Amino acid sequence: MREMLSALRERRFDILRYENKIAAAIMAVLLVLPLVVRNKVVVNVFTLILLYIILVSSLNVVNGYSSQFNVGQAGFYCIGAYTAAILATRFGLSFWVLLPISGGVSALASLLLSIPTAKLKGMYFTIVTLGFSEIVRQLCLNWTSLTRGPRGISGIPAPGFFGIDYPRSTFFYYVVFALAAVMLLCTKRVLASRVGRAWRAIREDDAAASSLGVETAKYKMMNLAYSAFWAGAAGCVYVFFQRFVSPDSFTLDESFNILAMNIIGGQGTLLGPIVGALAVNLITELFRSALQYRMLFYSALIIVMMWLRPQGLVGAINRDVPGTGAREKVRGGAAPQKGGAGS
C-alpha cells in the first residue's frame, strides 16, 4: 500500500506538455454544451462553473505566478458585484457598460491596497488580503444607505442584446463563456510577455529578480490589479445573472472555496483552474442531495490531494509548490536553476 501511494505521489504526468490543447478541448465541449443539454438547471450549473473558472484563474495569476498568496479574492468579487448593482439600479447603466467599470473599480481598489503593502510578502500579505476581504463585506453589510445592508439589492434589470428575445439561461451561459475565454487568452498573452516573465522571476526568487533590475513592487501591484479586474468583472456578471446581491455571497467561505479550487486544480498553470473549478463544482453538485455530507466529501478531497499530489491535479511537477518552498525534480535530472525575468 505504501509503495502504491509513493508511486502515485511520484508519478510523472505529461499533461502540461499538452496543456493548451486540453484546455481548448474542454472549452470546446463547454461551447456546445447548451446546444446538447436542454435542461435549464444543468445549463445554470455550468454557467456558475464558468464563473468560477474566471475567479479561480484570476486568483491563480497571483498565487501561481508571483510570490504573493491572496486568500481574499471574494473581496474584489464583492466590489465588482456591488459596483454593478448600485450603478444599475440608481443610474440605469447597462450591463455592457458596467462590465469594464466593475473590473476597473476592483483593480483600483487593489492598487489602493497594494500601495501601503507593497513590501509585504508571505504570511503578512496573506493576512492583509484576508482582512481586506472581510472589511469589504462588512462595509456592504453596514453601509445601508448605499448597499441596503443585509437586505441586499434587488430589481437589477435584465441586460438587453440588440433587442433580441433570447432564453435567459442560454444567454448568460454564453456571456460567461465568452468572458472566460477572453480572460484565458489575455492571461496567456500576458504571461508570455515581459510582464509575465517578471512575475515568474519574482515567484522564483524576488531578491534575485530585484538584483537583476526587476521593479518587484511595481510588478506585484500590476499582478494584483490584473487579478482584481477579472474578479470584479465576474462580480458584475454574477449580479445580472442572479438579479440580486447581498453580503452573504462574499463571506470568507467563498474566498476559501475559490482558493481550494485553485489548489486542487494546480497553481501556476492555465489548465489547473479549469480542472479545479470543474472537479470541485461537479463533485459538490453530485452530493447536493446529501447536503449534510457534501462539505465532508469536499474537505476529504482537499486532504487527499494535499497528501497524494500537493501540486494539484495538473500542477507543474518541476515547479515550487506554492507556500512550501519545495521543488520536485524533473525527470532525468535536477530541477532547473532559478533565474531572472527571462526565465
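Residues numbered from 1 in each chain as written. Predicted model: local features only at pLDDT ≥ 70, side-chain atom pairs only at ≥ 80, totals over all residues. Heavy atoms only, no water.

1. Looking at the packing of helix 8 (residues 168-191) against helix 10 (residues 216-242)
Move 1: It is at 11 Å that the axes of helix 8 and helix 10 come closest, and there the two elements cross at 175°. Comparing the axis directions of helix 8 and helix 10 gives the class roughly antiparallel. In this structure, helix 8 uses R168, F172, V176, L179, V182, M183, C186, T187 and V190 to contact helix 10, whose residues at the interface are Y226, W230, A233, A234, V237, F240, F241 and Q242.
Move 2: Classifying every residue of the contact of helix 8 with helix 10 gives 14 nonpolar, two polar and one charged. (Axes fitted to C-alpha atoms, helices over the stretch in contact; angles between N-to-C directions. Helix = DSSP H or I, 4+ residues; strand = E, 2+ residues; numbered from the N terminus. Parallel < 35°, antiparallel > 145°, perpendicular 65-115°, else oblique. Contact = heavy atoms within 4.5 Å. Nonpolar A, V, L, I, M, F, W, Y, C, P; charged D, E, K, R; others polar.)

2. As for the nonpolar core
Among soluble globular proteins, nonpolar side chains are generally buried collectively.
Move 1: With 90 residues, the main nonpolar core has L30, L50, Y82, F240, V245 and F250 as its most contacted residues.
Move 2: Residues in contact with L30, not counting those within four places in the same chain, are F46, L50, I53, Y173 and F177. (Core = buried A, V, L, I, M, F, W, Y, C linked by side-chain atoms within 4.5 Å. Buried < 20%, exposed > 50% of the residue type's maximum accessible area, 1.4 Å probe, protein only.)

3. As for the pattern of salt bridges
Move 1: Here the structure, examined in full by the defined rule, presents four salt bridges.
Move 2: With a closest N to O distance of 3.2 Å, R203 and E204 form a salt bridge. The residues R203 and E204 share a single accessibility class, namely buried.
Move 3: The residue K218 makes a salt bridge to E215 at a minimum N-O spacing of 3.9 Å.
Move 4: The partly exposed category is assigned to E215, whose relative accessible area is 48%. (Salt bridge = Lys/Arg side-chain N within 4 Å of Asp/Glu carboxyl O.)

4. Details of the packing of aromatic side chains
Move 1: Within this structure, the stated rule accounts for 14 aromatic pairs.
Move 2: Plain terms: the ring middles of F171 and F172 are 5.3 Å apart, the flat faces sit at 80° to each other, and that makes the pair edge-to-face.
Move 3: In this structure an aromatic cluster arises from ring pairing among F95, W96, F171, F172, F240 and F241. (Phe/Tyr/Trp six-rings, centres within 6.5 Å; stacked < 30°, edge-to-face > 60°.)

5. Considering the confidence of the model for the chain
Move 1: When pLDDT is averaged along the chain, the result is 83; 84% of the residues meet or exceed 70.
Move 2: Here residues 8-13 scores under 50 on pLDDT; set against residues more than four positions off or in separate chains, the count is 10 contacts. (pLDDT = per-residue confidence, 0-100.)

6. Details of unusual backbone geometry
Move 1: Residues other than glycine seldom take positive phi values, yet R148 does so here, at roughly 65°.
Move 2: Locating R148 in the fold gives a position in the loop between helix 7 (144-147) and strand 1 (153-154).
Move 3: If you check the backbone angles, R243 has positive phi at about 60° while not being a glycine.
Move 4: One can find R243 in the loop between helix 10 and strand 2 (244-245).
Move 5: By relative accessible area, which is 37% here, R243 ends up partly exposed.

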